[in-house]
Amino acid sequence: MNRRRRQRLVRGTLYGLFILAVVSALVLADWPAIARAFANPELAREMFPDVITVAARNTILYTALSFAFGLVGGLVLALMKISPIRPYRWMAVAYIELFRGLPALVTIMAVGFVVPIAFDITVPGGVLGKGSVALGIVAAAYMAETIRAGIEAVPKGQMEAARSLGMSYSQAMASIVLPQAFRIVVPPLTNEFVLLLKDTSLLFVLGTTPLTKELFKFGRDAMSQNFNGTPLTVIALVYLAITLPLTQLVARMERRTAHAR
Amino acid sequence: MIPAIEVLDLHKSFGPLEVLKGIDLRVMPREVVCVIGPSGSGKSTLLRCINLLEQPTSGRILIEGDDITDPDADVDRLRTRIGMVFQQFNLFPHLDVLGNLTIAQRKVLRRSADEAEEIGRAMLERVGLGDKVHEYPSRLSGGQQQRVAIARALAMNPDMMLFDEPTSALDPELVGEVLDVMRDLVADGMTMVVVTHEMGFAKEAADRVVFMDEGVVVEEGPPAQVLEDPQTERTRRFLRMVLHT
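None of these values were measured; they are calculated from a predicted model. (Residues numbered from 1 in each chain as written. Chains lettered and ligands numbered in written order. Predicted model: local features only at pLDDT ≥ 70, side-chain atom pairs only at ≥ 80, totals over all residues. Heavy atoms only, no water.)

**Concerning the overall build of chain B**
Stage number 1. Each helix and strand in chain B was counted, giving nine helices and ten strands.
Stage number 2. Relative to the compact-globule value of 18 Å for 245 residues, chain B shows a C-alpha radius of gyration of 18 Å, a close match.
Stage number 3. Seen along its three principal axes, the alpha-carbon backbone of chain B occupies a region of about 55 × 45 × 35 Å.
Stage number 4. Per-residue burial for chain B yields a buried fraction of 57% across its 245 residues.
Stage number 5. Relative to all contacts within chain B whose residues are 6 or more apart in sequence, the contacts with residues 24 or more apart total 65%.
Stage number 6. Approximately 10,500 Å² of chain B is accessible, and the part contributed by carbon and sulfur atoms is 46%.
Stage number 7. Looking at chain B, you have 27 positive and 40 negative side-chain charges, and the mean spots of the two groups are 2 Å apart. (Helix = DSSP H or I, 4+ residues; strand = E, 2+ residues; numbered from the N terminus. Rg over C-alpha atoms; globule rule 2.2 N^0.38 Å. Buried < 20%, exposed > 50% of the residue type's maximum accessible area, 1.4 Å probe, protein only. Contact = heavy atoms within 4.5 Å. Areas by Shrake-Rupley, 256 points an atom, 1.4 Å probe, with all protein chains shown as cover. Lys, Arg positive; Asp, Glu negative; His and termini not counted. Charge placed at Lys NZ, Arg CZ, Asp CG, Glu CD.)

In C-alpha cells form, the structure reads like this:
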C-alpha cells in the first residue's frame, strides 16, 4: 500500500468514527424528553419580551460599560508597562498579574462586599456600577497585554519619524502610534468583548433585582420557577444572537483593513 | 558665522560596543556634506545622534549654537529645525499623503488646518507629487514615498536636512527621482548632511565628503580630493570596493 492510499484510509476511518459518534448521539438521545424539558414553546413564548427588553439589554449594558472601563484601564496599564520609568512598569506588572490570577468572581465579590466594609464606601450605580467596575478591573488586566503587544507591533520608525518632526513622546504616541496599534488589536479586543459578555453572567452574585437581571440570571430564575430547562435554551440562543454577528462584523472589518493596507 | 551643526568629541556605545569613537564635525549653513563609509562604520548612528534619536554616550552637539545634548534643552523644539529623511521612508500609513504632511505642522507648530494644508500642497508640488494629495502611502512607489517623506520634513520649514541612506531601500530605477529632488534642495541652498552610497551624487552635489570607518572620521575634504585622490589606504580600499560593484 503506498503512502497516499494509507493517508486516505486513515482519514476515511476518522471521518467514519466522527459520523458514527454523531449518529449514535442522535439515535440514543431521548427526543421527546428533550423537547419537554428544553424546548417548551409556550414557556419560551412567556419569556418574551422581557428576555430582550430587560435581560439582554442589561447584559449588553454591563458588557459595554465594563469594556469601556477595561479599555481605558488597559491603555493606561499598557503605557505604564512600556514606560522607561521602572516603578511604573512594576506597578503595571503587579496589577496585571494580580487580576489575571484571580477568578473574576472573586474580584466581583471584592468590589461588591469587601470595598464597602473596608473603606465604608460603595461603588455607585447599583449592579451596573459595581458590576462594570469589577469586570472593568479584570478586563483591564487582560487588555493591557493585548494593547501593549499592539503598540510594540507598530514599527519603531513610526515613533522616530514623529519625534524627528518635533512631536513630543505623548503627541507621537497619541496621533501616530496608537491609531495604528488599535487597528492591530481590534480582533483580539473583540474577543475580549465576547469574553466579557459571557462574564456578565457572574454578576448575579451582587444581588440583582427584576429590573437589573442580566440574561443568565433571568434564565436561571425562569428555570427554577417553571421546573423546566427551556429558558436555558432561550438564553443560549440570545447569547449567540449577540456574539455571532459581532464576530462576523470583526471578520469583515479585518478583511477590509487588510485590503486597504 | 555660527555653524548649523557642530559635533564635538562625540562618543556612542551600545552596551560594550563602541560605535562612535570621538567624532568632530562642523557643518556650515548652506553647506552640503556627504558621509560615506562601509556599513557598520557608525555613519547612520552619527546622523541619528545629531537630532538625538540616539542619546550620545558623551560629547556635545550644537544646533545653530544651541546645545541639543544639554539636559535642559528643549529637544522637541530644536528638532523642528532639523528635517530628517529615513532609509525606510517611515510615512504614517494610517494617514493620506496630505495628512502625513500636515499632522506635525498642526500639532507642533500650531498652524491652522488651512495654513498647514496650503503649505503641504506647496511642498508636494515641489517634489512633483501635487496629484497624490489624497493617496495613501501604501499605494505609492518607493520613490514616491521617499519624495513624500522629504516633503513632510520640508513642510516644517527646517533650517537643515539629514538624509539617512535615502535611496538604499529603493529599486534602482526609482533612485533617480529621489536624487533629483535632493539636487533641487542643494540648488535652493539647503544645509544638508547626507549618509549615502551614491558616489555620483556625492561627487556632484557635496561641498565636502566625510569618510568614516570603525567609528572615526578617517578623511574629509572636497569631493574631488576624497573621492578621486584619497589620502589614506582605508579610503582607497573602500572606494575600490564600491566603485567595482
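**What to know about the packing of aromatic side chains**
Stage number 1. Going through the model one piece at a time under the given rule, you end up with four aromatic pairs over all chains.
Stage number 2. Measuring from centroid to centroid gives 4.8 Å for A:Tyr95 and A:Phe99, while their planes differ by 50°, and the two rings are tilted. Placement of both A:Tyr95 and A:Phe99 in helix 5 (residues 86-101) is noted, with a separation of four residues, approximately one turn of the helix.
Stage number 3. In this structure A:Tyr95 comes out as partly exposed when scored by relative accessible area, which is 23%.
Stage number 4. Ring centres 5.2 Å apart and planes at 35° place the aromatic pair B:Phe211 and B:Phe238 in the tilted group. With a gap of 27 residues between them, B:Phe211 in strand 9 (residues 208-213) and B:Phe238 in helix 9 (residues 233-243) connect regions that are remote in the sequence.
Stage number 5. Judged by its relative accessible area of 1%, B:Phe211 falls in the buried class. (Phe/Tyr/Trp six-rings, centres within 6.5 Å; stacked < 30°, edge-to-face > 60°.)

**Quick word on a positive patch on the surface**
Stage number 1. Taken together, A:Arg4, A:Arg5, A:Arg8 and A:Arg11 make up a surface patch of like positive charges.
Stage number 2. Note on placement: A:Arg5 falls in helix 1 (residues 3-28). (Patch = residues over 30% accessible without salt bridge, like charges linked within 9 Å, V, L, I, M, F, W, Y side chains within 5 Å. Salt bridge = Lys/Arg side-chain N within 4 Å of Asp/Glu carboxyl O.)

**Observations regarding helix 9 (residues 169-199) of chain A**
Stage number 1. Between its first and last C-alpha atoms helix 9 of chain A spans 36 Å; for 31 residues at 1.5 Å apiece the expected length is 45 Å, and the helix comes up short by more than 12%.
Stage number 2. A maximum bend of about 55° is found in helix 9 of chain A at A:Val186, where proline A:Pro187 lies one to four positions downstream. (Expected span 1.5 Å × (residues − 1). Bend = angle between axes of the 7 residues up to and from the residue.)

**Concerning the sheet that holds strand 4 (residues 58-63) of chain B**
Hydrogen bonds between backbone atoms are what pair the strands of a sheet, whose relative direction is either parallel or antiparallel.
All names here are of chain B.
Stage number 1. Taken in spatial order, the four strands make up an open sheet running 2-1-4-5, and their pairing is antiparallel. In this open sheet, the two strands that pair with only one neighbour each are strand 2 (17-27) and strand 5 (66-67).
Stage number 2. As paired strands, strand 4 and strand 5 are joined by two bridges and run antiparallel to one another. Bridge assignment links Ile63 to a residue of strand 5, and that residue is Asp66.
Stage number 3. Against the sheet, helix 1 (residues 43-50) contacts strand 1 (5-14), strand 2 and strand 4, and its axis sits at roughly 120° relative to strand 1. (Pairing = 2+ DSSP bridges. Axes fitted to C-alpha atoms, helices over the stretch in contact; angles between N-to-C directions.)

**Things to note about the pattern of salt bridges**
Stage number 1. What the rule picks out here adds up to 28 salt bridges over all chains.
Stage number 2. Across the pair A:Glu97 and A:Arg100 runs a salt bridge whose closest N-O atoms are separated by 3.5 Å. Here the residue A:Glu97 and the residue A:Arg100 both occupy positions in helix 5, the gap between them amounting to three residues, near one helical turn.
Stage number 3. The exposure class of A:Glu97 is partly exposed, given its relative accessible area of 47%.
Stage number 4. The partner of B:Arg183 in a salt bridge is B:Glu204, and the shortest N-O contact between them spans 2.5 Å. Taken together, the residues span a long stretch of sequence, with B:Arg183 in helix 6 (residues 172-187) and B:Glu204 in helix 7 (residues 199-205) at a distance of 21 residues.
Stage number 5. Exposure remark for B:Arg183: the relative accessible area of 29% places this residue in the partly exposed category.
Stage number 6. Its relative accessible area of 49% is what places B:Glu204 among the partly exposed residues.

**Some remarks on the interface of chain B and chain A**
Stage number 1. In this assembly, 24 residues from chain B lie in contact with 19 residues from chain A.
Stage number 2. Buried area between chain B and chain A, both sides added, is near 1,800 Å², and the carbon and sulfur share of it is 60%.
Stage number 3. For the chain B face of the interface with chain A, the top three residues by lost area are B:Asp76, B:Phe92 and B:His94, together amounting to 30%.
Stage number 4. Our count for the contact surface shared by chain B and chain A stands at two salt bridges.
Stage number 5. Counting across the chain B and chain A interface gives seven residue pairs in polar contact (both at pLDDT 80 or more).
Stage number 6. When residues in the side of chain B that touches chain A are grouped by element, the largest group, three residues, is from helix 3 (residues 97-107) of chain B.
Stage number 7. Classifying every residue of the side of chain B that touches chain A by side-chain character gives 13 nonpolar, five polar and six charged. (Buried area = accessible area lost by both parts, 1.4 Å probe. Polar contact = N/O pair within 3.5 Å; in protein donor to acceptor, adjacent residues only side chain to side chain. Nonpolar A, V, L, I, M, F, W, Y, C, P; charged D, E, K, R; others polar.)

**Quick notes on the nonpolar core**
Stage number 1. Core analysis: the largest hydrophobic core is formed by 68 residues, its most contacted members being B:Ile5 and B:Val7.
Stage number 2. It is helix 9 of chain A that contributes the most residues to this core, ten residues altogether.
Stage number 3. Those residues in contact with B:Ile5 that lie beyond four places of it in its chain are B:Leu25, B:Arg26, B:Val27, B:Ile50, B:Leu62, B:Ile63, B:Met160, B:Leu162 and B:Val193.
Stage number 4. The next biggest cluster of nonpolar side chains, apart from the first, holds 47 residues, and it includes B:Val133, B:Val148, B:Leu174 and B:Val194. (Core = buried A, V, L, I, M, F, W, Y, C linked by side-chain atoms within 4.5 Å.)

**Some remarks on the environment of A:Gly131**
Residues and elements named next belong to chain A.
Stage number 1. Note on placement: Gly131 falls in helix 7 (residues 126-153).
Stage number 2. On a C-alpha basis, the gap between Gly131 and Pro41 in space is 33 Å, while along the polypeptide they are 90 residues apart.
Stage number 3. The contacts of Gly131, once residues within four sequence positions are left out, are Ser66, Gly126, Leu203 and Leu206.

**Some points on the sheet that holds strand 10 (residues 216-221) of chain B**
Residue and element names in this part refer to chain B.
Stage number 1. If you walk across this open sheet you meet the six strands as 6-7-8-3-9-10, and the pairing is mixed. The outermost strands of the open sheet, each flanked by one partner alone, are strand 6 (82-85) and strand 10. Each strand axis lies, on average, 15° off the axis of its neighbour in the sheet, ignoring direction.
Stage number 2. Sheet topology note: the strand 9/strand 10 ladder contains five bridges and is antiparallel. When the sheet's bridge partners are listed, Val209 is paired in strand 10 with Gly221.
Stage number 3. Against the sheet, helix 1 contacts strand 3 (32-36), strand 6, strand 7 (160-164), strand 8 (191-195) and strand 9, and its axis sits at roughly 150° relative to strand 7.

Fair warning: the whole summary comes from geometry, so function is off the table for now.
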